[in-house]
Amino acid sequence: MKNKLPIIILLILLSISYGDGWIRFYGDSTRLSLVNDIIATPDSEYIIIGTRSIDCATGDTGAFVWTFKIDNDGDIMWEKIFADTFPQNFITTGYSISNSYDGNYYYLACSNVGTSGGFIPSFWIIKMNSDGDTLWSRLYGGDCYDEPNEPNVIVGTYDGGYAVTGYTYSFGAGENDVYFIRGDSSGDTLFTRIIGTPDSDAGKTLVQTSDSGFILCGLIGGSYITKLSPEGDIIWEITPDELETLTLDILTLYDIVKIDDNHFLVAGCIGGHCTAQPVSVAIDSMGNIYWEKIYSFPWDEFVEESIVYSTKQTSDGGLAMAGYVKNVSYFGTKGLLLKTDSHGNMLWYKFYEFDTLTTGRNYVFKSLALTPDGGFIMCGNDVSRRLPVIIKTDSLGEIDWVREIPNRPDDISLSVFPNPFNSVCEITVNVGAIHELSLQSAQIEIYDLRGNLIATPCSADKSASLVPLDKGDRNRAPAKVSGGSWTNEQSVSRASRGFVWQPDESMSSGIYFVRATTKDGHTITKRIVYMK
């Protein structure tokens, strides 16, 4: 047994990646933009779908499906905006992407035609190749509202076709009903199914099963989870009465993943406004429930609402889930990444907010994909600014550095010397001329691996404030902070600021992160290795 221990430890260490992470914002101030789904490609790159408006400066109206491909560093390889497909009074929104079995991709969007009575949504399915070229497109719907309003509502099927779900007001017996569409690889409709009751019903997510049938989640004819045959007929249902832990009236399931031919994991939330909590449910192919989990956070996080929209199975058999949390003490929302073991028990979680100088930001992660190095990549939005954000992390949800598009080499940089260090390190923030004024009130923070803030510059009278020193005032005593001592030194150049961090003896060796944020919102993060 003694000979096996080093091997086990080595395998555990190799399963934790500390590759380059990043955060990037996409879009510009002249357009309102949102992203909804991200998918990993076989070449270790990523395709994103969302919506982008016409240039606001022109005064024109309308918004159109926007898709783009990025490499492993977040650089855009190509992008397409479907602005020429419909007139300017249209609004089209991209919701979901799926692989097709012939190496291409299915995109699901909502096309809203402008009429004198308003906008009428319809399902819009587009097949594209790996370069973003359109192969064909199809519209589905009737005279009323028909919409796929979630990021996980299209799947490529084993026969090369596709299956789609959402809701329809045009057809069915109720207020709105589940809309289920099957098509072949050429875009021809195989069949459609309307499932519902006199009440409100909607399909939120779906997956194909090994028998070529489907499992749909949502509110479907009084059930939360429904198995369909390959022809779209109902085989079994999981109703609220069959759940033991998830007994509240409001249960919304946003994503489902196939673990193997006989087992599936479903994620979503339970509860309503200001009470929602993330949940997961494990089921088999016959509709038997293995476990139900509700996830809560420590009381000192002050979380009042949390929702997960996307989930993936990780290499250890557990789940990674992405969404958002609303904190009582934070006037907005933060992005959420939650990791579980193979039994659905929470291992760790991370909250993400990228503008510490401005309150009221609303960050929401809509979709999650796995990276080849064992990490995660999530797409979402700063909803308050209609600004898309994509974040890439390592296997523990950590980030090495942050940059914003457009990001010229001289915009902002962060250096640490020495790194690794054993007693004192010097941290320098450099910016280009465009950010010189905002540099004078730059905020510097040190975090540990768990995301805890452990050091900030402060003065004697305000523990959270930064007191800059004039040039040449290098003899001023450093201010004391919890977790170490800081000295703030302004360099000869107006475009750089220097800090010295000396951790106190109570801090342990390990990996830490320094984050610099300028007044105009530009943020950059770098990893520091402290070795006593």
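## A few points about the packing of aromatic side chains
Tallied over the entire structure, the rule returns 20 aromatic pairs. Residues Phe 180 and Phe 214 carry aromatic rings whose centres are separated by 5.3 Å and whose planes lie at 65 degrees to one another, so their mutual orientation is edge-to-face. In this pair, Phe 180 sits in strand S13 (residues 177-183) while Phe 214 sits in strand S16 (residues 214-220), placing the two residues 34 residues apart along the sequence. Here the two residues Phe 180 and Phe 214 agree in accessibility, since each one is buried. Linked through ring pairs, Phe 421, Trp 501, Tyr 512 and Tyr 530 together constitute an aromatic cluster. Taking the ring centre of Trp 66 as reference, the NZ or CZ of Arg 52 above it sits at 4.7 Å. Directly above the ring of Tyr 309 sits Lys 366, whose terminal nitrogen or CZ lies 4.0 Å from the centroid.

## Remarks on the pattern of salt bridges
A side chain with one charge may pair with a side chain of the opposite charge, provided their charged atoms come close. As enumerated under the stated definition, the model contains 13 salt bridges in all. The shortest N-O distance in the salt bridge between Asp 261 and Lys 258 comes to 3.5 Å. Using a relative accessible area of 27% as the deciding quantity, one classes Lys 258 as partly exposed. A salt bridge links Lys 392 to Asp 373; the shortest N-O distance between them is 3.6 Å. Remark: Asp 373 occurs in the loop between strand S27 (363-370) and strand S28 (376-382) and Lys 392 occurs in strand S29 (residues 387-393); sequence separation between them is 19 residues.

## Some thoughts on the sheet that holds S28
A sheet is described by the order of its strands in space; here 4 strands give the open sequence S1-S29-S28-S27, paired in antiparallel fashion. The two strands at the open ends of the sheet, each matched to only one other strand, are strand S1 (22-25) and S27. If you compare each strand with its neighbour and ignore which way they point, the axes differ by 20 degrees on average. Taken together, the 7 bridges between S27 and S28 define a ladder with antiparallel strand orientation. Among the inter-strand pairings, Tyr 363 is bridged to a residue of S28, identified as Asp 382.

## Quick word on a nonpolar patch on the surface
On the surface, a nonpolar cluster with roughly 390 Å² of combined accessible area is contributed by Trp 299, Phe 302 and Val 328. By the secondary structure assignment, Val 328 is in the loop between strand S24 (319-327) and strand S25 (333-340). Residue Val 328 is classed as exposed on the basis of its relative accessible area, which comes to 52%.

Reading the values: the criteria
Residues numbered from 1 in each chain as written. Predicted model: local features only at pLDDT ≥ 70, side-chain atom pairs only at ≥ 80, totals over all residues. Heavy atoms only, no water. Phe/Tyr/Trp six-rings, centres within 6.5 Å; stacked < 30°, edge-to-face > 60°. Helix = DSSP H or I, 4+ residues; strand = E, 2+ residues; numbered from the N terminus. Buried < 20%, exposed > 50% of the residue type's maximum accessible area, 1.4 Å probe, protein only. Lys NZ or Arg CZ within 6 Å of the ring centre and 35° of its normal. Salt bridge = Lys/Arg side-chain N within 4 Å of Asp/Glu carboxyl O. Pairing = 2+ DSSP bridges. Axes fitted to C-alpha atoms, helices over the stretch in contact; angles between N-to-C directions. Patch = residues over 30% accessible without salt bridge, like charges linked within 9 Å, V, L, I, M, F, W, Y side chains within 5 Å. Areas by Shrake-Rupley, 256 points an atom, 1.4 Å probe, with all protein chains shown as cover.

Don't take any of this as a statement about function, it's just geometry.
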